[in-house]
Amino acid sequence: MTSLINPRDSLERQNEKLLKISQALMRKVEQNTEQSGFAYHQFERAALLETEVQQRTLELERTLDLLHESNAQLEDAKVEAETAWSNLTEAIETINEGFALFDENDRLVLFNRRFCRDLKDVEDKLRSGLFFEDYVRAVSQSRYLALPPDQSRADWAKLRQSKHRDEHVIFNASLVGDVWLQVSEHRTSRNGTVILQTDVTDIIRMERLERDKMRHREAVKLQATLDHLKQGICIFDHKLNLVGSNKRMDRLLNLMPMRGNKNITFRSLFEQLQSDLIIDSGISTEQLNAWADSVGFRDPIAFEATTRGDRIYSFFAQEMPDKGFVISVTDVTSERTASRALAEMNEKLEYLVEERTSELEDALSEAERANASKSRFVAAASHDLLQPLSAAKLFVSSISDRTENEDIRQIVSKTESALQGVEQIIEALLAISKLDAGKAVFDIQTITLAEIINPLRDEVTQIARDKGLDFAFVESSLSVISDPSYLRRIVRNLLSNAVRYTARGRILAGVRRVGNHARIEVWDTGCGIAQKDQEAIFREFNQINPNPSNSGLGLGLAIVERACKSLDHPLDLWSEPDVGSCFSVLVPLARSADLSDRAQSEANTHRRGRLDGTLALLVDNNQNVCQAVTQLIKDQGGEVISAASADEALKIIDEIDVIPDALLLDYQLGTGLNGVELYQELNSRYGRIKTAIISADRSAELRQTCSDLDLKMIPKPLDATRIFEFLTSFDDDSGLDEPS
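Quick notes on the rules
Residues numbered from 1 in each chain as written. Predicted model: local features only at pLDDT ≥ 70, side-chain atom pairs only at ≥ 80, totals over all residues. Heavy atoms only, no water. Helix = DSSP H or I, 4+ residues; strand = E, 2+ residues; numbered from the N terminus. Buried < 20%, exposed > 50% of the residue type's maximum accessible area, 1.4 Å probe, protein only. Contact = heavy atoms within 4.5 Å. Areas by Shrake-Rupley, 256 points an atom, 1.4 Å probe, with all protein chains shown as cover. Expected span 1.5 Å × (residues − 1). Bend = angle between axes of the 7 residues up to and from the residue. Pairing = 2+ DSSP bridges. Axes fitted to C-alpha atoms, helices over the stretch in contact; angles between N-to-C directions. Core = buried A, V, L, I, M, F, W, Y, C linked by side-chain atoms within 4.5 Å. 1 Å grid on protein atoms, 1.4 Å probe; cavity = no way out; pocket = protein on both sides within 12 Å on 5 of 7 lines; lining within 4 Å. Points joined across faces, edges and corners; volume = space filled by probe spheres on them. Nonpolar A, V, L, I, M, F, W, Y, C, P; charged D, E, K, R; others polar. pLDDT = per-residue confidence, 0-100. Patch = residues over 30% accessible without salt bridge, like charges linked within 9 Å, V, L, I, M, F, W, Y side chains within 5 Å. Salt bridge = Lys/Arg side-chain N within 4 Å of Asp/Glu carboxyl O.

Looking only at helices and strands, the chain features 21 helices and 23 strands. Residue burial in the chain is summarised as follows: out of 740 residues, 38% are buried. A sequence separation of at least 24 residues applies to 57% of the contacts in the chain between residues at least 6 apart. If you sum the accessible surface of the chain, you get close to 43800 Å²; carbon and sulfur atoms cover 52% of it.

Have a look at this one:
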């Protein structure tokens, strides 16, 4: 059944409808009295409706009471809100800063009278509902806003609008009349914006005053520093105006005091100087002015000028970060005078050196001719003497066979011993003459040290036993590359020398393996040799503390020294007086039959060139070292490619398209790659090449680097023996060469 009353209507409207329905029913009842049953039913319904109307009326009355109560509360809340708003307005008016509040839609909600008070043409435009963008535009167009010369008002507005996106913003704004506002902007919890404007003019001015005072103090210190310099100094700003100078500048150039004169420019200063200065370094006044007027980056310039009074000044000008520049002036008269005097002296010394060199060359040639003549004479005389000596030995030997007289036999024996001594002297002289003349013929081959030393052990053991000495020999199975005859003579002379100069104690001989070499050592407990005499013992006919018991000829060690040098076997000596001595010879080890054959071929042509067919790359930025090493290698028949830097070496190898047999790389090559880095580059391109690093750097770091890379290290000053030892080695494991 559809209700006649709409429940969404208000109580007043519902009651009004019920009353109308009730009245209509009553009229209907009265008009249809004949229908008693229907009338009663309608009456009953009307009574129910009346009851419902009364109930709804009561409810309406209660609702009206609640409405009146709510209206009263609303009125109280409105009064409280108005009071709070009034209090808030009064509160923001009491603060000393400009205050403004924008809502989440960037509309101005609230501001106080101090907000934009210093921007009077903006103050009139402030109103509730003003958009933030319009506020920024109004401030940017204000005639009270002071902007830098290089910033437009549109740029300022764009920058200000971009800051508005940040959560917190603080910046200073400059106004006309040297007024400064600090603007701080903060987001609220509801995404609104609070802006505070604080007058910081007094703070800015005080800070500026403090900066000016500090700048003044620094300027005083700077001026005091400049005045203490030996050079004259003048400083120009980007407009070429003089902004600073020192007293030395005034005195050097005989200028009027420039300090405090703000009207001096670069051009006016040089116009004063032109009458007294002659620029003599290939730069003109026009070029100098063009350099000063340049708006781009200026490279530093230096030039010299001479005054009419013959004083020489060195000028140096350099740009500063602010596009100004500084000029320093130094009096170099004494230095230039000394340089000229030194140059003149050098010319004289060079002339004297050339003259003396010529004299020395003549003397050297004469000495070489005399030495060659001596060697030829000794060789000829030795050859001529050996033949009659051999005949005399045969005659004496025949006398011994023909007599039974014991006295005559003893005389014959002594005669044979004397002739044997003469023969040894002649053979020694002949050997020395051949070695000195470079005519010794070497038969280089692979030999075992046992073949050389074992026969000598038996020979020396008996001689040592006769003197009451203990002789011990440590056997060795190593094979070496050398001339058997000369190596045997070297070892025999060392052993004989040890026996001869050892009165008591023992003699020890043996071999140590040192890298790719065998070191033959002979130790004794003899008289020892003082440091000052250790060079002299290798001279001919030179004996230290000779006595009748030491029947030496004074030629044994001379032959050893020359033979070792010719065979490229390094000879070393350790000795201490009254303790003993140790002579050692370093001989290269034989590694294989092929290497043996190669060593023999090279050694057979030792004097003509032991490095025949060897191509070495030498990289050193010292020209004298390059020339010396190149000459050493060429003298031995090798070929050298030299370069002064890593880049030059790489270009040369690319151009000639030949891989060297060996690399001699200086470690320090100036700019670019060093020697080790160059080796690594070459190794990456061409594979492993036998390499030695040459350097005066003896640090543990460099030695460790060479060890890690299996590179030989040859220390400076260079030694020819070490270089030849490296170039003639037959394996790739070069290792380290300890500096002596």
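From this point, the discussion proceeds with the structure in view.
When the terminal C-alpha atoms of helix H12 (residues 449-466) are compared, their 26 Å separation across 18 residues agrees well with the 26 Å that a helix rising 1.5 Å per residue should span. Residue arginine 457 marks the point of greatest curvature in H12, where the axis turns by about 25°. For H12, the set of buried residues is Leu449, Ile452, Ile453, Leu456, Val460 and Ala464. Those residues of H12 that are buried are in contact with strand S12 (445-448), strand S13 (470-473), strand S14 (479-482), helix H13 (484-500), strand S15 (506-514) and strand S16 (517-524). Positive backbone phi, approximately 80°, marks glycine 468, located one or two places after H12.

Here we take up the sheet that holds strand S9 (residues 301-307). The sheet built from six strands is open, its strands ordered S7-S6-S11-S10-S9-S8 with antiparallel pairing. The open sheet is flanked by strand S7 (242-245) and strand S8 (277-279), the only strands paired with a single partner. Pairwise comparison of adjacent strand axes, ignoring direction, gives a mean angle of 25° for this sheet.

When a protein is soluble and globular, its nonpolar side chains tend to lie buried together. Among the nonpolar cores identified, the biggest contains 42 residues, and Leu449 and Leu487 are the most heavily contacted of them. Contributing elements (two or more residues each) for this core: H12, S13, S14, H13, S15, S16, helix H14 (556-567) and strand S18 (580-588). Among the elements that make up this core, the one with the highest residue count is H13 (eight residues).

Let's shift gears to the side chain of aspartate 524. Note on placement: aspartate 524 falls in strand S16. What aspartate 524 contacts, discounting residues up to four positions off in sequence, is Ala498, Thr502, Arg506, Ile507, Val579, Gly580 and Ser581.

Below, the discussion takes up the environment of threonine 307. Residue placement: threonine 307 occurs in strand S9. Taking C-alpha positions, threonine 307 is 9.0 Å from serine 275, a pair spaced 32 residues apart along the chain. Contact partners of threonine 307, with chain neighbours within four places excluded, come to Asp276, Leu277 and Tyr313.

A few words on the environment of glutamate 50. One can find glutamate 50 in helix H2 (residues 36-94). By relative accessible area, which is 47% here, glutamate 50 ends up partly exposed.

Turning our attention to empty space enclosed by the protein. All chains considered together, the criterion is met by three cavities of 30 Å³ or more. The volume enclosed by the second largest cavity comes to roughly 110 Å³. Every element with two or more residues in the lining of the second largest cavity is listed here: helix H4 (132-140), helix H5 (153-163), strand S3 (168-175) and strand S4 (179-187). Here the lining of the second largest cavity is built from residues that sort into eleven nonpolar, one polar and one charged.

Turning to the pairing of S4, a few remarks are in order. Relative to S4, S3 runs antiparallel, the two sharing eight bridges. By the bridge assignment for S4, serine 174 is matched with tryptophan 180. Connecting S3 to the antiparallel partner S4 that follows it, the hairpin turn spans three residues, and glycine 177 within it adopts a positive phi of roughly 80°. When S4 meets strand S5 (residues 193-199), the two strands line up antiparallel, connected through seven bridges. Bridge pairing links glutamine 182 to threonine 198 in S5. Here S4 folds back onto S5 in antiparallel fashion, the turn holding five residues, of which asparagine 191 has a positive phi close to 70°.

Mean pLDDT over the chain stands at 77; residues scoring 70 or higher make up 76%. Of all the helices and strands in the chain, helix H16 (residues 606-609) carries the lowest mean pLDDT, 42, while S18 carries the highest, 91. Note on residues 601-609: pLDDT is under 50 here. Beyond four places in sequence and across chains, it has 22 contacts. A low-confidence stretch, residues 731-740 stays under pLDDT 50, and its non-local contacts, those more than four residues away or across chains, total 32 contacts.

Together, Leu342, Met345, Leu349, Tyr351 and Leu352 line one region of the surface with nonpolar side chains, adding up to about 510 Å² of accessible area. Here tyrosine 351 lies in helix H10 (residues 333-402). Under the relative-accessibility criterion, tyrosine 351 is labelled exposed at 54%.

Despite not being glycine, aspartate 106 has its phi angle at roughly 60°, a positive value. On the secondary structure map, aspartate 106 appears in the loop between strand S1 (98-102) and strand S2 (108-111). Even without a glycine there, the phi angle at leucine 240 is positive, about 70°. Residue class for leucine 240 comes out buried when judged on its relative accessible area of 13%.

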